[in-house]
Amino acid sequence: MPKVKTKRAAAKRFSVTGTGRVNYGRSFGAHILTTKSRKRKRRLRKNNVLSNNRETNNVKRLIPYL
């Protein structure tokens, strides 16, 4: 059985924690920040954890060796 290739786009966007949860960075935090509130920009700085189990399994399928 050959090795499974990692989808590099997914590997750059997601990371798997030690407990198996999936971290990702929030979108909409890169530019046009003058129209966003201070509270919204502060929340966009932080990473988020995928909560849906189906989405988590799909991401783990794209990143098999992390």
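In case you missed it, the structure is sitting above this.
Residues numbered from 1 in each chain as written. Predicted model: local features only at pLDDT ≥ 70, side-chain atom pairs only at ≥ 80, totals over all residues. Heavy atoms only, no water.

What follows concerns the overall build of the chain. Secondary structure summary: the chain contains 3 helices and 3 strands in total. Order of helices (α) and strands (β) in the chain, N terminus to C terminus: α-β-β-α-β-α. For the chain, the C-alpha radius of gyration of 15 Å lies well beyond 11 Å, the compact-globule estimate for 66 residues. Its C-alpha atoms put the chain at 50 × 20 × 20 Å along the principal axes. (Helix = DSSP H or I, 4+ residues; strand = E, 2+ residues; numbered from the N terminus. Rg over C-alpha atoms; globule rule 2.2 N^0.38 Å.)

Turning next to the side chain of Lys36. Take Lys36: it is sitting in the loop between strand S2 (22–25) and helix H2 (38–45). Of the side chains bearing the opposite charge, Glu55 lies closest to the buried Lys36, which forms no salt bridge; the N-O distance is 21 Å. Engagement of the side chain of Lys36 in a polar contact is seen with the backbone oxygen of Phe28, the distance being 2.7 Å. Ignoring anything within four residues of it in the chain, the contact list for Lys36 reads Phe28, His31, Lys41 and Leu44. (Buried < 20%, exposed > 50% of the residue type's maximum accessible area, 1.4 Å probe, protein only. Lys, Arg positive; Asp, Glu negative; His and termini not counted. Salt bridge = Lys/Arg side-chain N within 4 Å of Asp/Glu carboxyl O. Polar contact = N/O pair within 3.5 Å; in protein donor to acceptor, adjacent residues only side chain to side chain. Contact = heavy atoms within 4.5 Å.)

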